[in-house]
Amino acid sequence: MDADSARPHAGRMLDFYLGGTLHTAADRAAARRMLEVNPHLITSARVNRRFIDRSVRYLVGSRGITQFLDLGSGIPTRTPEYPNLHESAQAVDPACRVVYVDNDPAVRAYAAELLTSTPRGRAVYVEADVTDGAALYERPEITGVLDLTRPVALGMNALLHFFADDAQARGLVEAFTGPLAAGSHLTLTHITRDWAPEVMDALVRLYREDVTDGGARSRAEIEALVGGLDVVSPGVVNPADWRPGPGDAPVPAEQVNLYALLARVP
């Protein structure tokens, strides 16, 4: 456990919502306070993870992408029902290569233990700050795994809502998608107040007080973040409605309070 385990940590709280075991008493106490404000947080976290699984499998199986860069990856999970990104990708093509990026000691503490790749592929963790932007593409830990002359799937899932400033969030999208080869893709999920404004306003306030900064955005504001990219059908939607599989039951938007999208780099 990291040295700051007495403070609640967003990544470990997510692990709690997903039914994992990598959380502390402080995380559980904070998560339960959040659940008092929004009792659907567990549903939201799990819908988000299922979207990541479906979108990754789609990118490998239908778009032929075998390289992934996951920004703000968070703590790897031990929950088979909600696989890590590399597990989803390598289940379709064992040769997939995945780089996870985060700058949190709590993530580093578990990454080496849990990121086990297939022999044909790669799954590595790079400790870095996403606010460094495209400079990350010069790091040998990334260029040694990913061929940036070929399409890459860039993940910004549950990341940009931790950047309340619109210009900064938009700048991160531009910085990371700009250098990518044509045919690369971006997956993005983001909290919204569109369906339950009072609940989400209260939740954001509590997160700012107890855990970290951030903010919700509307559908139009999220679309503005990815201007210039080609959003893939079905567009910017409740992640439960993004290409659901036969076993995926509908989940009301007011229980999810997230938008999800997949966009292509032209």
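Look up: the structure comes first, before these words.
Residue positions are given per chain, counted from 1 along the sequence in the order it is written. A pLDDT threshold of at least 70 governs which residues receive local features in this predicted model, and a stricter bar of 80 or more applies before side-chain atom pairs are shown or counted, although totals over entire chains, interfaces and linings include all residues. To obtain the side-chain values, all non-hydrogen atoms of the structure were included, while hydrogens and water were left out.

Side note on the nonpolar core
Alright, step 1. Counting residues in hydrophobic clusters, the biggest one holds 35 residues, and the most contacted among them are Leu69, Val101, Met156 and Leu160.
Alright, step 2. Helix numbering and strand numbering both begin at the N terminus, where a helix is a DSSP run of H or I of at least 4 residues and a strand a DSSP run of E of at least 2. Among the secondary structure elements, those contributing two or more residues to this core are β1 (67–71), β2 (97–102), β3 (122–127), β4 (153–157), α7 (166–177), β5 (185–191), α9 (219–225) and β7 (258–264).
Alright, step 3. No other element matches the four residues that α7 contributes to this core.
Alright, step 4. With residues near it in sequence (within four places) discarded, Met156 still touches Leu71, Leu172, Val173, Phe176, Leu186, Thr187, Leu188 and Thr189.
Alright, step 5. For our purposes a nonpolar core is just a set of buried Ala, Val, Leu, Ile, Met, Phe, Trp, Tyr and Cys residues, chained together by side-chain atoms within 4.5 Å. Accessibility here uses a 1.4 Å probe with only protein chains present; expressed as a share of the type maximum, an area under 20% marks a residue as buried, one over 50% as exposed, and anything in between as partly exposed. In this structure, Ile65, Val98, Leu115 and Trp242 belong to the second largest nonpolar core, which totals 27 residues. Here a residue-residue contact requires only that any non-hydrogen atoms of the pair lie within 4.5 Å.

A closer look at the environment of Arg63
Alright, step 1. Among the structural elements, Arg63 can be located in helix α3 (residues 41–63).
Alright, step 2. Residue class for Arg63 comes out partly exposed when judged on its relative accessible area of 34%.
Alright, step 3. Considering only alpha carbons, one finds Arg63 and Met34, 29 residues apart in sequence, at a separation of 38 Å.
Alright, step 4. With residues up to four places along the chain from it excluded, the contact list for Arg63 reads Tyr58, His185, Val232 and Arg264.

Topic: the packing of aromatic side chains
Alright, step 1. Each aromatic pair joins two rings of Phe, Tyr and Trp (for Trp, the six-membered one) with centres within 6.5 Å, and gets the label stacked for planes under 30 degrees apart, edge-to-face for over 60, and tilted for any other angle. A complete count under the given rule lists five aromatic pairs for this structure.
Alright, step 2. Ring centres of Trp195 and Tyr259 lie 4.7 Å apart, and the angle between their planes is 50°; this geometry places the pair in the tilted category. Residue Trp195 is located in the loop between β5 and α8 (197–210), and its partner Tyr259 is located in strand β7; the two are separated by 64 residues in the primary sequence.
Alright, step 3. Here a set of aromatic residues connected by ring pairs shows up, and it is made of Phe51, Tyr58 and Trp242.

Description of helix α2 (residues 25–37)
Alright, step 1. Look at α2: 19 Å from first C-alpha to last across 13 residues, which is about the 18 Å you get at 1.5 Å a residue.
Alright, step 2. Taken as a whole, α2 has its buried residues at Ala26, Asp27, Ala30, Ala31, Met34 and Leu35.
Alright, step 3. Those residues of α2 that are buried lie in contact with α1 (10–17), α3 and α8. A helix is expected to span 1.5 Å for every residue after the first.

Regarding the sheet that holds strand β6 (residues 230–231)
Alright, step 1. One requirement defines pairing of two strands: DSSP has to find at least two bridges between them. The strand order across the open sheet formed by seven strands is β3-β2-β1-β4-β5-β7-β6, and the pairing between neighbours is mixed. Lying at the two open borders of the sheet, with one neighbouring strand each, are β3 and β6.
Alright, step 2. Summarising the sheet, β2 and β3 pair through six bridges and their orientation is parallel. Along β3, the bridge assignment pairs Tyr100 with Tyr125.

Some details on the pairing of β4
Alright, step 1. Counting buried positions along β4 yields five of five residues, so the element is predominantly enclosed.
Alright, step 2. Bridge count for β1 against β4 is three bridges, and the pairing is parallel. Residue pairing for β4: Leu69 is matched across the bridge by Leu154.
Alright, step 3. In terms of strand pairing, β4 meets β5 through five bridges, oriented parallel. Note on β5: the bridge partner recorded for Met156 is Leu188.
Alright, step 4. For crossovers, right-handed means that the path from the first strand over the helix to the second runs clockwise, given strands pointing away from the viewer. At this point the chain moves from β4, through α7, to the parallel β5, and the crossover so formed is right-handed.

Shape is all these values report; function is a separate question.
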